[in-house]
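Each chain, letter by letter, is given below.
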Amino acid sequence: MTEPAARLLAEAYAAHGPACRLYARALSDDPDDVVQETFVRLARRLTAGQPAPKHLRAWLLIAVRSAAIDARRRTQRRKSHEVAASPGRRMFEPDERMDAAAAEESLQKLPPRRREAVVLRVWGGLGFEAIAKMTGVATSTAHADFNAGIAELRRRMGIKDEP
């Protein structure tokens with residue numbers, strides 16, 4: 001990025017960042033990521049040698065809206081993948097009553113191999129063969145690590161098994 005482009009980016013953030021964040025807070029659960037994505041888009045544009053938008057503030061606010069929509073779609077897609085990764089059996093589904101910090105803390109307390117198996121299966125959408133290859137264990141070990149990790153998460157979070 002050229003020096004003038006970097007300066008323009010810094011000035012744009014100083015002048016319009018707070019308004020972008022306020023707007024992002026109205027549209028997203030993660031406004032900081034939305035604003036970051038917005039300014040990354042501006043940086044890419046400037047790095048590519050394109051001029052700054054004529055109406056920069058309006059362009060930024062439109063980009064905030066677009067980034068918020070993209071983030072919402074990614075979240076919906078992730079949730080869909082989580083459901084698809086566990087056909088017929090729910091592992092656990094966060095809802096408004098679940099403490100996200102407690103869930104993250106419980107995940108962090110898992111032994112590393114179990115935690116990795118859970119993350120790769122639930123959020124990565126990988127099968128046990130792929131997890132086994134990535135982690136260097138047998139497929140049956142990857143499956144056992146995942147099942148043990150899910151059972152431990154359920155226990156730690158007080159989630160009872162469904163009949």
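**Quick word on the packing of helix H1 (residues 3-27) against helix H2 (residues 31-47)**
Any two packed helices are characterised by how steeply their axes cross, that is the angle between the axes, and by the distance between the axes.
Phase 1 of the analysis: Look at H1 against H2: their axes get within 9 Å of each other, and the N-to-C directions meet at 150 degrees. For the element pair H1 / H2, the angle class is roughly antiparallel. In the packing of H1 onto H2, the handedness of the crossing is right-handed. Facing H1, whose interface residues are Ala5, Leu8, Leu9, Ala12, Tyr13, Gly17, Cys20, Arg21, Ala24 and Arg25, H2 presents Pro31, Asp32, Val34, Val35, Phe39, Leu42, Ala43 and Leu46.
Phase 2 of the analysis: Here the residues of the contact of H1 with H2 sort into 14 nonpolar, 1 polar and 3 charged.

**A look at the nonpolar core**
Phase 1 of the analysis: Ranked by internal contacts, the top residues of the largest apolar core, which has 16 residues, are Leu9, Cys20, Val34, Phe39, Leu42 and Leu60.
Phase 2 of the analysis: Residues within four places of leucine 9 in sequence aside, it is in contact with Met1, Phe39, Leu42, Ala43 and Leu46.
Phase 3 of the analysis: Of all hydrophobic cores here, the second largest spans 13 residues; its members include Leu110, Ala117, Ile131 and Phe146.

**Let's talk about the environment of tryptophan 59**
Phase 1 of the analysis: With respect to the helices and strands, the residue tryptophan 59 is situated in helix H3 (residues 56-85).
Phase 2 of the analysis: The partly exposed category is assigned to tryptophan 59, whose relative accessible area is 24%.
Phase 3 of the analysis: Between the C-alpha atoms of tryptophan 59 and threonine 38, which are 21 residues apart in sequence, the distance is 9.6 Å.
Phase 4 of the analysis: Residue contacts for tryptophan 59: discarding those within four places in its chain leaves Thr38, Arg41, Leu42, Arg45 and Pro53.

The rules behind these values
- Residues numbered from 1 in each chain as written.
- Predicted model: local features only at pLDDT ≥ 70, side-chain atom pairs only at ≥ 80, totals over all residues.
- Heavy atoms only, no water.
- Axes fitted to C-alpha atoms, helices over the stretch in contact; angles between N-to-C directions.
- Helix = DSSP H or I, 4+ residues; strand = E, 2+ residues; numbered from the N terminus.
- Parallel < 35°, antiparallel > 145°, perpendicular 65-115°, else oblique.
- Left-handed = near helix turned anticlockwise from the far one by under 90°.
- Contact = heavy atoms within 4.5 Å.
- Nonpolar A, V, L, I, M, F, W, Y, C, P; charged D, E, K, R; others polar.
- Core = buried A, V, L, I, M, F, W, Y, C linked by side-chain atoms within 4.5 Å.
- Buried < 20%, exposed > 50% of the residue type's maximum accessible area, 1.4 Å probe, protein only.

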